[in-house]
Amino acid sequence: MGFFRTLQSNYQHVMVYEDVELQQKARNEIPYERLSSAAKEKLARAKASDPECKLGKEDFLVMELLRWFKENFFSWVNCLPCRQCGGGTQTSDALNPNAEDTRWGAQRVENHFCQTCQVSTRFPRYNNPGKLLETRRGRCGEWANCFTLCCRAVGLEARYIWDSTEVYSVSQRRWMHCDPCENTCDKPLLYEVGWGKKLSYVLAFSKDQRQQGVSPDRKKELLNRLLVELVEFISPKKPEPGELGGRSSGSLAWRIARGESGAGALKAEQQVGSMGFFRTLQSNYQHVMVYEDVELQQKARNEIPYERLSSAAKEKQCGGGTQTSDALNPNAEDTRWGAQRVENHFCQTCQVSTRFPRYNNPGKLLETRRGRCGEWANCFTLCCRAVGLEARYIWDSTVVSAPQDHVWTEVYSVSQRRWMHCDPCENTCDKPLLYEVGWGKKLSYVLAFSKDQRQQGVSPDRKKELLNRLLVELVEFISPKKPEPGELGGRSSGSLAWRIARGESGAGALKAEQQVAGCVFTPTELEKNRGLFHLRYCASWDQYQRLSNADEVIPGWERGVWRKDCVFRKVESDWQMVKDISVTVHHETFHSGAVAWRLRSGQAVTEFLGDGSMQSFPALCGSTELVIEAELCGGEGTLSWQHAQLFRQSLTETTKPSLEIVIHLDT
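Residues numbered from 1 in each chain as written. Predicted model: local features only at pLDDT ≥ 70, side-chain atom pairs only at ≥ 80, totals over all residues. Heavy atoms only, no water.

A. Representation of the overall build of the protein in the model. The helix and strand tally for the protein stands at 21 helices and 29 strands. Counting only residues that meet the buried cut, the protein has 41% of its 667 residues in that class. The long-range fraction of contacts in the protein, counting pairs at least 24 apart against all pairs at least 6 apart in sequence, stands at 60%. When the accessible surface of the protein is split by element, carbon and sulfur atoms take 51% of a total near 36,600 Å². (Helix = DSSP H or I, 4+ residues; strand = E, 2+ residues; numbered from the N terminus. Buried < 20%, exposed > 50% of the residue type's maximum accessible area, 1.4 Å probe, protein only. Contact = heavy atoms within 4.5 Å. Areas by Shrake-Rupley, 256 points an atom, 1.4 Å probe, with all protein chains shown as cover.)

As structure tokens, then:
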């Protein structure tokens, strides 16, 4: 809730900058005439050297204001000097804010302790920009807070970015990044590229967001600004001079502790500046029009009803296993179908190479019917278009020590009026948190490509519809989400070694999984009146049916589980069987796999067999709480998870429950 409280606080706080008396107080401190004169002079020089210069006076005024604020007005605080001896101090346990502190918005008071004098110097973290005009010191929060007020005081349109400032440039018709701590203007890549900092949510707050008393013309102008900002946001950027260095404000130890010293800048620079990234963007932008080829769509329709898309490769000589070796050169046939890479799958037994061209033409993929995520999404997007679904191609450009990108498809749902995530490799739909929460994957740029982006031949009504979709998508994008069943497991496609190497096995999902509260079934009033609790679970449908509560349906096995660790649900279409984990009385084991069942009530523990039969426990009558546990252990090698299975059931078996609990209540 702290995140939402901060959002609400910042949302209300920006109106402080509109206080007329506070703006006058700021103007009394700012040497406006001198700064304005310097801005006019520099604008004149810029126009003289470049008649096409599109900068305006307000752009140069911002830069002059930044320089004055950094060099002459505000000061940075690492640790305050001792109030008694003037010597150095160290941060110690926080102090309680007093009435004067809270009056000026200080919810925290740092304790800067002097080891020599054994005296504490208080450092209240004031949040009131009027008070900051007096203290003139702080860290990035105080700097941005006070600087935003100064911008508004001299008539600049400014908004507070948690924690920096942006000023709207009328001449350039866009928002400019301003960091008073660093004395930088219009260097938005500074943090991720220069400092090596990983940004998450970047939120802007301004008076116009409140929409109170805003005229229709102003609303239209703000909407146009938003669209320009969206285009700028999704457009690839290359670092410029001034965006590659580490942070300069704050002590070196503090910058290193925050990971902002710039040590990771070279790696980020190589990633963002790589021309391969831009070539891939351009290629995908052009490639999506292939899905609109009528003959290609017909070719896809001829294939879709008859065979699965994932038939296995049959080019091997002995049929044995191979290992990836040095890449092979693509031949004319490979490049004809868009294969820029040809993998070499080498058989140690036969000493023979099996070629695996990574085709990029979806028509060719309808013939080969094999590949990894890129080929799957490529071919699946064509199939969606072939049957009349509105689809777009999605590419995540994640690069860590090696490319770890992923590709999937999104289909537009007319009934829900939004785009739905679809991953054909995982056979999942509308599970957008699967990658970061389930796989433990860190996404970077996630880019969508569709024919409508080209805007060629698009009618005004269609453009309006696409604009509305974009706004809905933006709201959905910035809205916090909670993981749902199906978004917590690791990746299932690909070998275990390959998934682990890419960091997508789900090992990092446990922490995210803990965000989902455990389920406790509590009898409802209806069940209490009936004196009965009756619950079933069907693995093939992956849903619970609470018969005693008006046949309530609860989708997803995770929603009926109190606690779990290192378990997941796996559907094997080839075997037509399900492996699942929940409260149940049935299991199967293979090799050295084993499952132990226990029924707990308080300190009493009863072990029982998971043989599929309904078992009674008269000794537990009178209990007020029951917990059914299943502990899976044993198994061999990388497939050990297959050797102890719960709810192993045919996908065609939909009538027999995998779990059934019947409790007669004492009324």
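B. The arrangement of helix H13 (residues 294–303) in detail. Every buried residue belonging to H13 is among Leu296, Gln297 and Ala300, and all of these are buried. One side of H13 holds all its buried residues, which, seen down the axis, span an arc of 100°. In H13, the exposed positions angled more than 90 degrees off the buried face are occupied by Val294 and Glu295. The secondary structure elements touched by the buried residues of H13 are helix H15 (362–368) and helix H16 (373–386). (Arc of directions from axis to C-beta.)

C. Layout of the packing of helix H3 (residues 32–49) against helix H4 (residues 57–73). The geometry of H3 relative to H4 is characterised by a closest axis approach of 8 Å and an angle of 130° between their N-to-C directions. Between H3 and H4, the angle falls in the class oblique. Where H3 crosses over H4, the two elements pack in a sense that is right-handed. Side by side, H3 and H4 meet where Tyr32, Arg34, Leu35, Ser36, Ala38, Ala39, Lys40, Lys42, Leu43 and Ala46 of the first sit next to Lys57, Phe60, Leu61, Glu64, Leu65, Arg67 and Trp68 of the second. Among the residues making up the contact of H3 with H4, the classes are represented as 10 nonpolar, one polar and six charged. (Axes fitted to C-alpha atoms, helices over the stretch in contact; angles between N-to-C directions. Parallel < 35°, antiparallel > 145°, perpendicular 65-115°, else oblique. Left-handed = near helix turned anticlockwise from the far one by under 90°. Nonpolar A, V, L, I, M, F, W, Y, C, P; charged D, E, K, R; others polar.)

D. Structural detail: the side chain of Arg392. Turning to its location among the elements, Arg392 is positioned in strand S14 (residues 391–396). Within the local environment of Arg392, its side chain forms a polar contact with the side chain of Glu410, the two groups lying 2.7 Å apart. Within the structure, Arg392 has its side chain in polar contact with the side chain of Glu473 (distance 2.3 Å). Arg392 has contacts with Thr381, Trp408, Thr409, Glu410, Trp419, Ala448, Phe449, Ser450 and Glu473, leaving out every residue within four places of it along the chain. (Polar contact = N/O pair within 3.5 Å; in protein donor to acceptor, adjacent residues only side chain to side chain.)

E. Broad picture of the pattern of salt bridges. Following the criterion strictly, the structure yields 35 salt bridges and no others. A salt bridge links Glu527 to Arg546, with the nearest nitrogen and oxygen atoms 2.8 Å apart. Of this pair, Glu527 sits in helix H21 (residues 525–530) while Arg546 sits in strand S20 (residues 543–546), and the two are 19 residues apart along the sequence. Neither Glu527 nor Arg546 differs from the other in exposure class; each is buried. Residues Glu660 and Arg536 are paired through a salt bridge, measuring 3.0 Å at the closest nitrogen-oxygen approach. Linking Glu660 in strand S29 (residues 659–664) with Arg536 in strand S19 (residues 532–538), this pair joins segments that are 124 residues apart in sequence. (Salt bridge = Lys/Arg side-chain N within 4 Å of Asp/Glu carboxyl O.)

F. Representation of the sheet that holds strand S10 (residues 204–205) in the model. Sheet architecture is open: five strands sit in the order S9-S8-S7-S6-S10, paired in antiparallel fashion. Of all strands in the sheet, those bounded by a partner on one side alone are strand S9 (184–185) and S10. In the sheet, strand S8 (residues 174–179) pairs with S9 via two bridges, with the strands oriented antiparallel. Bridging from a neighbouring strand, Cys178 pairs with Cys185 of S9. Packed on one face of the sheet, helix H7 (residues 140–153) meets strand S6 (158–161), strand S7 (164–169) and S8 and runs near 170° to S6. (Pairing = 2+ DSSP bridges.)

G. Quick peek at H16. For H16, built from 14 residues, the straight-helix expectation of 20 Å at 1.5 Å per residue is met to within 8% by its first-to-last C-alpha distance of 20 Å. Most of H16 is tucked away: 12 of the 14 residues are buried. Those residues of H16 not exposed but buried are Cys373, Gly374, Glu375, Ala377, Asn378, Cys379, Thr381, Leu382, Cys383, Cys384, Arg385 and Ala386. Following H16 by one or two positions, Gly388 adopts a phi angle in the positive range, close to 90°. (Expected span 1.5 Å × (residues − 1).)

H. The arrangement of the nonpolar core in detail. In terms of nonpolar packing, the biggest core is built from 45 residues, with Leu65, Phe69 and Leu156 touching the most fellow members. Those elements giving two or more residues to this core turn out to be helix H2 (20–29), H3, H4, helix H6 (129–135), H7, S6 and S8. The element that contributes the greatest number of residues to this core is H7, accounting for nine residues. Residues Phe533, Leu599, Leu659 and Ile661 belong to the second largest nonpolar core, which totals 18 residues. (Core = buried A, V, L, I, M, F, W, Y, C linked by side-chain atoms within 4.5 Å.)

I. Expanded view of the packing of aromatic side chains. For the coordinates displayed, the defined rule picks out 16 aromatic pairs. With 5.1 Å between their ring centres and 15° between their planes, Phe69 and Phe74 make a pair best called stacked. Taken together, Trp68, Phe69, Phe73, Phe74, Trp76, Trp143 and Phe147 form an aromatic cluster joined through their ring pairs. A cation over an aromatic ring shows up here: Arg159 above the ring of Trp175, its NZ or CZ 4.1 Å from the ring centre. (Phe/Tyr/Trp six-rings, centres within 6.5 Å; stacked < 30°, edge-to-face > 60°. Lys NZ or Arg CZ within 6 Å of the ring centre and 35° of its normal.)

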